[in-house]
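Below are the chains, spelled out letter by letter.
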Amino acid sequence: MVRPVRNGPVLVAGPVRIETPEGVVESDRFMVAICTCGRSRNYPLCDTSHRRCKGARGGAGGDRADTQ
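It should be emphasised that the depicted structure is a prediction, and the values quoted were computed from it without experimental measurement. (Residues numbered from 1 in each chain as written. Predicted model: local features only at pLDDT ≥ 70, side-chain atom pairs only at ≥ 80, totals over all residues. Heavy atoms only, no water.)

A. The overall build of the protein, seen in detail. A tally of helices and strands in the protein yields 1 helix and 5 strands. For the protein, the α and β elements follow one another from N to C terminus as β-β-β-β-β-α. Evaluated residue by residue, the protein yields a buried proportion of 31% over its 68 residues. A fraction of 29% describes how many contacts in the protein between residues 6 or more apart in sequence connect residues 24 or more apart. Within the structure as shown, the protein displays about 5,000 Å² of accessible surface, and the carbon and sulfur contribution to it stands at 48%. (Helix = DSSP H or I, 4+ residues; strand = E, 2+ residues; numbered from the N terminus. Buried < 20%, exposed > 50% of the residue type's maximum accessible area, 1.4 Å probe, protein only. Contact = heavy atoms within 4.5 Å. Areas by Shrake-Rupley, 256 points an atom, 1.4 Å probe, with all protein chains shown as cover.)

Right under this line is the structure:
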């Protein structure tokens, strides 16, 4: 199951294995939140940073470069 959350992460039924350019991230949780805003300090996993950012965008394609 994959479910995008408006102005939030994409929820994916776990366990998951995510391959990124930086390496592999694994989670054995029953539900995993994948960051779409690019602000998470635990990227690619969501840490709810989108809640603290006024005007945060949901959806895929968030640009991480603008968060530094």
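There is more to say, and it comes next.
B. Representation of the nonpolar core in the model. With 7 residues, the main nonpolar core is built from V10, V12, V16, I18, V32, I34 and L45. Listing elements by their share of this core, those giving two or more residues are β2 (10–13), β3 (16–20) and β5 (31–34). Not counting chain neighbours up to four residues away, the residues in contact with L45 comprise I18, V25, V32, A33, I34, C35 and S40. (Core = buried A, V, L, I, M, F, W, Y, C linked by side-chain atoms within 4.5 Å.)

C. Region of the structure containing the pattern of salt bridges. One pass over the structure, following the stated rule, counts 2 salt bridges. Notably, a salt bridge pairs R17 with E19, separated by 3.8 Å at the nearest N-O pair. Comparing R17 with E19, the two get one shared label, exposed. Between E26 and R17 there is a salt bridge, and its shortest N-O distance comes to 2.7 Å. Judged by its relative accessible area of 51%, R17 falls in the exposed class. One network of salt bridges, with partners in common, ties together R17, E19 and E26. (Salt bridge = Lys/Arg side-chain N within 4 Å of Asp/Glu carboxyl O.)

D. The environment of T48, seen in detail. You can see T48 is positioned in the loop between β5 and α1 (49–52). Taking the C-alpha atoms as reference, T48 lies 8.3 Å from P9; in sequence the two are 39 residues apart.

E. Up close: the environment of A33. Along the chain, the position of A33 falls in strand β5. Exposure remark for A33: the relative accessible area of 23% places this residue in the partly exposed category. Spatially, the C-alpha atom of A33 lies 9.5 Å from that of R3, the residues being 30 residues apart in sequence. Those residues in contact with A33 that sit more than four places away from it in its chain are P9, V10, L11, P44, L45 and C46.

F. Structural detail: the side chain of S27. Residue position: S27 is located in strand β4 (residues 23–27). Judged by relative accessible area, S27 falls into the buried class, the value being 13%. A polar side-chain atom of S27 sits 3.4 Å from the main-chain amide nitrogen of R29. For S27, the residues in contact, after removing those within four places along its chain, are P15, V16 and V32. (Polar contact = N/O pair within 3.5 Å; in protein donor to acceptor, adjacent residues only side chain to side chain.)

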